[in-house]
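# Secondary and tertiary structure notes
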Amino acid sequence: MSTSFRRKVAAVTFAVLGLSLAGGGIAIAQPSAKAPQEAVQPARGTNAQPPVSAESARIAKAALKASAATPLVATNVFTVVNSNGTKARGSGTVVKYGVGEYEVIFGYTVSAGAFLATLSLSGSCCIPPGGEVSVAPRLLTPNALFVQTRNSAGAPANLGFTLLTHTP
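Here is a short report on the structure shown in this document. All of these numbers come straight from a predicted model, not from anything done at the bench.

## As for the packing of aromatic side chains
A complete count under the given rule lists two aromatic pairs for this structure. Arranged with centres 5.8 Å apart and planes meeting at 35 degrees, the rings of Phe-106 and Tyr-108 form a pair that is tilted. With relative accessibility at 3%, the residue Phe-106 sits in the buried group. For the cation-ring pair, Arg-138 lies above Tyr-97, with the distance from its terminal atom to the ring centre recorded as 5.0 Å.

Quick look at the structure:
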């Protein structure tokens, strides 16, 4: 990768991070006494991830297998996803689970990286609708991230988003 491209990727990453923090606020993580249970997939609820589907598991395993020969270096990648769950551009494979529930699968482990999501539109026009977006490592799938979108009232809603990932 050329130095110019790396600088542009880093600049875009920091710009989106700054805008997200300024516009969406900063959440402070609280320690949990339930650390051993984190490895177990929680029961389905409003903030829980849906169970990993057989198709999603197959895609994730195939992606890891396909990139096994590639030496991993620090990477910054983006994925732009439409509200219907189709990938507009970028890296990864998108799986839509339900209203406002998306999974983005990569060809390498991302669970130890940093990720950032923001609501967006895939076109070059207009401001995206108001709402919320959350991103977390996908349970039981180290090469995937789970993204959840909600409207301004907090109800699950199909909204487009841009996902940035940095893996060391």
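## Comments concerning the sheet that holds strand β6 (residues 132-137)
In spatial order, the strands read β3-β4-β7-β6; together these four strands make up an open sheet with antiparallel pairing. Bordering the open sheet on either side are β3 (93-98) and β6, each of which pairs with just one other strand. The mean angle between the axes of side-by-side strands here comes to 20 degrees, regardless of whether they run parallel or antiparallel. Across six bridges, the pairing between β6 and strand β7 (residues 144-150) is antiparallel. Along β7, the bridge assignment pairs Glu-132 with Arg-150. Taken strand by strand, helix α2 (residues 54-66) contacts β3 and β4 (101-105), and its axis lies near 20 degrees from that of β4.

## A short note on the state of the cysteines
In total, this model carries one disulfide according to the counting rule given. Each sulfur in the disulfide pair Cys-125 and Cys-126 lies 2.4 Å from the other. Judged by the sign of its S-S torsion, about 50 degrees, the cystine formed by Cys-125 and Cys-126 is right-handed.

## Things to note about the sheet that holds strand β1 (residues 75-81)
Ordered by their spatial adjacency, four strands build an open sheet running β2-β1-β8-β5, and the pairing between neighbours is antiparallel. The open sheet is flanked by β2 (87-90) and β5 (114-119), the only strands paired with a single partner. Mean inter-strand twist for the sheet, computed between neighbouring axes without regard to direction, equals 15 degrees. Here β1 pairs with strand β8 (residues 161-167) via seven bridges, running antiparallel.

Definitions and limits used
- Residues numbered from 1 in each chain as written.
- Predicted model: local features only at pLDDT ≥ 70, side-chain atom pairs only at ≥ 80, totals over all residues.
- Heavy atoms only, no water.
- Phe/Tyr/Trp six-rings, centres within 6.5 Å; stacked < 30°, edge-to-face > 60°.
- Buried < 20%, exposed > 50% of the residue type's maximum accessible area, 1.4 Å probe, protein only.
- Lys NZ or Arg CZ within 6 Å of the ring centre and 35° of its normal.
- Pairing = 2+ DSSP bridges.
- Helix = DSSP H or I, 4+ residues; strand = E, 2+ residues; numbered from the N terminus.
- Axes fitted to C-alpha atoms, helices over the stretch in contact; angles between N-to-C directions.
- Contact = heavy atoms within 4.5 Å.
- Disulfide = S-S within 2.5 Å.

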